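# Fold and contact review
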Amino acid sequence: MGSEKPGGLWKRAFKGLAGDRDEQDAEVLKDYASGCGARSITGCHDREMVTLYGTLRTITFSPRGGVPALEGELYDGTGTVKLVWLGRRKIAGIHPGSELTASGRIGVVDGDRVMFNPKYELRPAAAHG
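The chain is annotated in an unreviewed UniProt entry as OB-fold nucleic acid binding domain-containing protein of Kribbella koreensis.

In C-alpha cells, the structure reads:
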C-alpha cells in the first residue's frame, strides 16, 4: 500500500461507481427502447426507415448552407445518432436530457449516423422508472 498514489484509491473507486452508473443507464435505455418497439441505433443500416428511443445528450445550433439547423445527439445505450431539424433554431421541449422517440430515414454522413427532420415524440424522463 505504500506505493499507492495520494487519492489514487478514491479516484479508482469513484471512476468505478461512475462507470457502473453509466452502464446501468445504458441498460435501462436499451430495455425501454426494446419494450416500446424501437430499434437499437447500432443495429440500423444506411437508408433504413426506423424508430429510435433515447436521451438527447447535446443540442447545438449549426446552420447548414445558410439554413438554420438544430442538431441533437440521441443516445440509446448502444450508440448515437445525430438528429437534424432543418429550418429550426429551437424546439420547445428539445434540450439535453430530453427523452424521445424519433422516426425517419437513417443515413450515414462522414461515417456518422444522421436522421434529418425526424418525426419525434417527447417521453417523460421517468417513464422507465
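Moving on from the coordinates now.
Attention now goes to the overall build of the chain. Secondary structure summary: the chain contains one helix and six strands in total. Along the chain, helices and strands appear, N-terminal first, in the series α-β-β-β-β-β-β. When the 129 residues of the chain are sorted by exposure, 31% land in the buried category. For the chain, restricting intrachain contacts to residue pairs at least 6 apart in sequence, the fraction spanning at least 24 positions comes to 52%. A total of about 8,100 Å² of accessible surface is found on the chain, and carbon and sulfur atoms cover 54% of it.

Judged from the eight bridges that link them, strand 1 (residues 48-61) and strand 4 (residues 99-109) form a sheet pairing that is antiparallel. Counterpart to methionine 49 in the pairing with strand 4 is arginine 105. Of the strand pairs in this sheet, strand 4 and strand 5 (residues 112-116) are connected by four bridges, and their pairing is antiparallel. Across the sheet, the residue bridging to valine 108 is arginine 113, located in strand 5. Where strand 4 hands over to strand 5, the hairpin turn is made up of two residues, of which aspartate 110 adopts a positive phi near 50°.

Let's shift gears to the pattern of salt bridges. Two side chains with opposite charge may pair up if their charged atoms get near one another. This model, assessed by the stated rule, comprises three salt bridges. One salt bridge connects arginine 39 with glutamate 48, and the closest N-O pair in it is separated by 2.8 Å. For arginine 39, a relative accessible area of 30% translates into the label partly exposed. Ionic pairing is found between glutamate 71 and lysine 82, a salt bridge with its closest N-O pair at 3.6 Å. You can see glutamate 71 sitting in strand 2 (residues 69-75) and its partner lysine 82 sitting in strand 3 (residues 80-86), a full 11 residues away along the chain.

Moving on to the nonpolar core. Leu52, Leu74, Val81, Leu83, Ile94 and Leu100 are the most contacted members of the largest nonpolar core, which has 16 residues in total. Elements with a minimum of two residues in this core: strand 1, strand 2, strand 3 and strand 4. For leucine 100, the contacting residues outside a window of four places in its chain are Leu52, Tyr53, Gly54, Leu56, Leu74, Leu83, Ile94, Tyr120, Glu121, Leu122 and Arg123.

What follows deals with the side chain of threonine 55. One can find threonine 55 in strand 1. Using a relative accessible area of 17% as the deciding quantity, one classes threonine 55 as buried. Contacts of threonine 55, omitting those with residues within four sequence positions, involve Leu29, Glu73, Leu74, Tyr75, Gly97, Ser98 and Glu99.

What follows concerns a nonpolar patch on the surface. Where nonpolar side chains cluster on the molecular surface, the patch consists of Val67, Leu86, Val109 and Phe116 and spans about 290 Å² of accessible area. Relative to the helices and strands, phenylalanine 116 resides in strand 5. Among the residues examined, phenylalanine 116 registers a relative accessible area of 36% and is labelled partly exposed.

Conventions adopted
- Residues numbered from 1 in each chain as written.
- Predicted model: local features only at pLDDT ≥ 70, side-chain atom pairs only at ≥ 80, totals over all residues.
- Heavy atoms only, no water.
- Helix = DSSP H or I, 4+ residues; strand = E, 2+ residues; numbered from the N terminus.
- Buried < 20%, exposed > 50% of the residue type's maximum accessible area, 1.4 Å probe, protein only.
- Contact = heavy atoms within 4.5 Å.
- Areas by Shrake-Rupley, 256 points an atom, 1.4 Å probe, with all protein chains shown as cover.
- Pairing = 2+ DSSP bridges.
- Salt bridge = Lys/Arg side-chain N within 4 Å of Asp/Glu carboxyl O.
- Core = buried A, V, L, I, M, F, W, Y, C linked by side-chain atoms within 4.5 Å.
- Patch = residues over 30% accessible without salt bridge, like charges linked within 9 Å, V, L, I, M, F, W, Y side chains within 5 Å.

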